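Structural overview
Each chain, written out:
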Amino acid sequence: MATPLTLKELSKKEILLTSGHRMCSGCGAPIIVKMVLLASDYPIVAANATGCLEVSTCISDYTAWKIPWIHNAFENAAATLSGVETMYRFLKKQGKIDKDIKFIAFGGDGGTYDIGFQSLSGAMERGHDMLYVCYDNGAYMNTGIQRSSATPYGADTTTCPVGSGIQGKPQPRKNLTKIMAAHDIPYTAQASPSHWMDLVKKVKKALEIKGPKFMNILAPCNRGWRSRTDDAIQLSRLAVETCYWPLYEIENGVTKVTFKPKEKKPLADFLKPQGRFKHLFAPGNENMLKNFQEMVDKEWGYLLKASGTE
């Protein structure tokens with residue numbers, strides 16, 4: 001099959017998530033979905049956990065998806081799709097299906113890191129031939145910007161608000177990419193819509209690998225991040241260049257950093273444009289900003305060491 005990787009070639013492919021859906025202006029999630037679907041040379045069947053993406057792209061009788069698409073409850077996208085993939089293998093073995101079909105589950109961080117983690121972990125452990133894509137916007141954005149285990153340290157949310165008691169979320173975010181790699185699945189990766197070629201290559205690679213795969217993709221949410229409606233790509237790029245969101249992959253246990261900034265920017269460059277971190281720059285909170293920077297530096301150091309690129 002053809003494997004378009006240039007922007008010109010990709011631009012000739014059909015967009016499989018139509019315009020006119022009800023995602024917020026400037027949301028990172030539909031950008032990610034379009035990139036993921038453009039990367040495939042195969043027919044796709046998708047499952048979608050309840051969340052921003054699901055409720056905004058399928059309203060009653062109307063859908064923005066041009067592929068077979070299944071709406072799941074918050075917690076069971078991976079379980080549902082693993083059942084579909086199992087039936088596909090059975091029908092193919094019987095000779096009732098003769099084409100290669102790929103299976104992709106989409107879920108936000110709430111439905112992936114937290115509520116849906118058990119079905120995701122189970123599907124990965126059982127070895128289903130599917131790709132799970134988490135669009136990570138760092139909170140339960142669809143239900144009121146409550147903190148999730150993907151919410152970064154210090155972030156102001158409605159359930160860990162900045163006030164006299166606490167200054168945002170006191171815990172660091174869960175490192176789900178590492179947790180999924182610990183399942184010993186063939187492929188795990190982290191990507192960003194700002195680096196579209198890296199993202200597309202990873203999706204294409206994942207779809208060619210047999211077995212369970214997981215990708216964690218940063219999805220800026222201007223509503224929850226309290227940022228501009230036109231800065232999703234800029235913030236995604238800053239997340240990568242500050243190493244808050246490093247780009248890497250783990251294939252068959254081998255870690256590879258796929259983008260190393262020529263000059264690593266200070267974390268403050270990523271945090272300042274976001275209102276959810278405004279308090280970190282207030283007098284008296286200097287230590288919080290320092291702690292956050294140290295967390296990022298420490299994790300980046302671990303990643304460089306694991307990949308042999310120190």
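Everything that follows concerns the structure shown earlier in this document.
Throughout what follows, the structure given in this document is the object of discussion. If you're wondering where the values come from, they're calculated on a predicted model, not measured in any experiment. (Residues numbered from 1 in each chain as written. Predicted model: local features only at pLDDT ≥ 70, side-chain atom pairs only at ≥ 80, totals over all residues. Heavy atoms only, no water.)

Remarks on the overall build of the chain
Stated formally: Runs of H or I in DSSP of at least four residues are treated as helices and runs of E of at least two as strands, each being numbered from the N terminus. With C-alpha atoms as the basis for the radius of gyration, the globule rule is written as 2.2 Å multiplied by the number of residues raised to the power 0.38. We call two residues contacting when some pair of their heavy atoms lies within 4.5 Å. Positive residues here are Lys and Arg, negative ones are Asp and Glu, while His and the chain termini are left out of the count. By convention, the charge on Lys lies at NZ, on Arg at CZ, on Asp at CG and on Glu at CD.
The number of helices and strands found in the chain is 12 helices and 10 strands. Against the compact-globule benchmark of 19 Å for 310 residues, the chain has a radius of gyration of 19 Å, which places it among compact chains. If one aligns the C-alpha atoms of the chain with their principal axes, the spans along those axes are about 70 × 50 × 40 Å. Taking all contacts inside the chain whose residues are at least 6 apart in sequence as the whole, residues at least 24 apart take part in 69%. Looking at the chain, you have 39 positive and 30 negative side-chain charges, and the mean spots of the two groups are 2 Å apart.

Focus on the nonpolar core
Worth spelling out the cut-off: Put simply, a nonpolar core is a bunch of buried Ala, Val, Leu, Ile, Met, Phe, Trp, Tyr and Cys residues held in one set by side-chain atoms that sit within 4.5 Å of each other. Throughout, exposure labels follow a simple rule: accessible area from a 1.4 Å probe, protein chains only, divided by the maximum for the residue type, with under 20% read as buried, over 50% as exposed, and the rest as partly exposed.
With 89 residues, the main nonpolar core has Trp 65, Phe 106, Phe 270 and Phe 292 as its most contacted residues. Among the elements that make up this core, the one with the highest residue count is helix H2 (residues 28-39) (8 residues). Among all residues touching Phe 106, those that are not within four sequence positions of it are Val 33, Val 36, Leu 37, Ala 46, Ala 47, Asn 48, Ala 49, Leu 53, Trp 65, Ala 77 and Val 133.

Regarding the packing of H2 against helix H8 (residues 196-208)
This is how it is decided: All axes here are fitted lines through C-alpha atoms, helices being fitted over the stretch that makes contact, and every angle between N-to-C directions spans 0 to 180 degrees. The labels follow the angle: roughly parallel below 35 degrees, roughly antiparallel above 145, roughly perpendicular from 65 to 115, and oblique for the rest. Should the near helix be turned anticlockwise from the far one by less than a right angle, the crossing is termed left-handed; should it be turned clockwise, right-handed. Side-chain classes are defined by residue name, with Ala, Val, Leu, Ile, Met, Phe, Trp, Tyr, Cys and Pro counting as nonpolar, Asp, Glu, Lys and Arg as charged, and the others, Gly among them, as polar.
Orientation of H2 relative to H8, taken along the N-to-C sense of each, is 50°, at an axis distance of 8 Å. When the axes of H2 and H8 are compared, the pair comes out oblique. For the element pair H2 and H8, the recorded crossing hand is right-handed. Note on element contacts: H8 touches H2 through Trp 196, Leu 199, Val 200, Val 203 and Lys 204, opposite Met 35, Val 36 and Ala 39. Residue classes in the contact of H2 with H8 are distributed as 7 nonpolar, no polar and 1 charged.

Let's talk about empty space enclosed by the protein
Note the cut-off: A pocket, in this scheme, is an open set of points on a 1 Å grid over the protein atoms alone with protein on both sides within 12 Å along at least 5 of 7 lines, while a cavity is a set where a 1.4 Å probe fits but cannot get out; residues line either one if an atom lies within 4 Å of a point. Grid points are joined across faces, edges and corners, and a volume is the space filled by probe spheres set on the points.
Counting across every chain of the model gives 2 cavities of 30 Å³ or more. There is about 100 Å³ of room inside the largest cavity. If you trace the largest cavity, you find 14 residues lining it, with Gly 51, Gly 108, Gly 110, Ala 139 and Met 141 closest to the centre. Considering only enclosed or pocket space, the second largest cavity measures out at about 40 Å³ in volume. Lining the second largest cavity are Asp 136, Asn 137, Gly 138, Ala 150, Pro 152, Arg 173, Leu 218, Trp 225, Tyr 244 and Arg 276. Here the lining of the second largest cavity is built from residues that sort into 5 nonpolar, 2 polar and 3 charged.

Quick look at the pattern of salt bridges
Operational definition: Salt bridges are defined as contacts in which a side-chain nitrogen from Lys or Arg sits within 4 Å of a carboxyl oxygen from Asp or Glu.
The tally for this structure, following the rule as stated, stands at 17 salt bridges. Lys 202 is the partner of Asp 198 in a salt bridge, and the nearest nitrogen-oxygen pair spans 2.8 Å. Highlighted residues: Asp 198 and Lys 202, both in helix H8, separated by 4 residues, approximately one helical turn. For the pair formed by Asp 198 and Lys 202, the shared burial category is buried. In this structure, the salt-bridge partner of Arg 228 is Asp 230, at a minimum N-O distance of 2.7 Å. When its relative accessible area of 55% is taken as the criterion, Arg 228 is described as exposed. Judged by relative accessible area, Asp 230 falls into the exposed class, the value being 55%.

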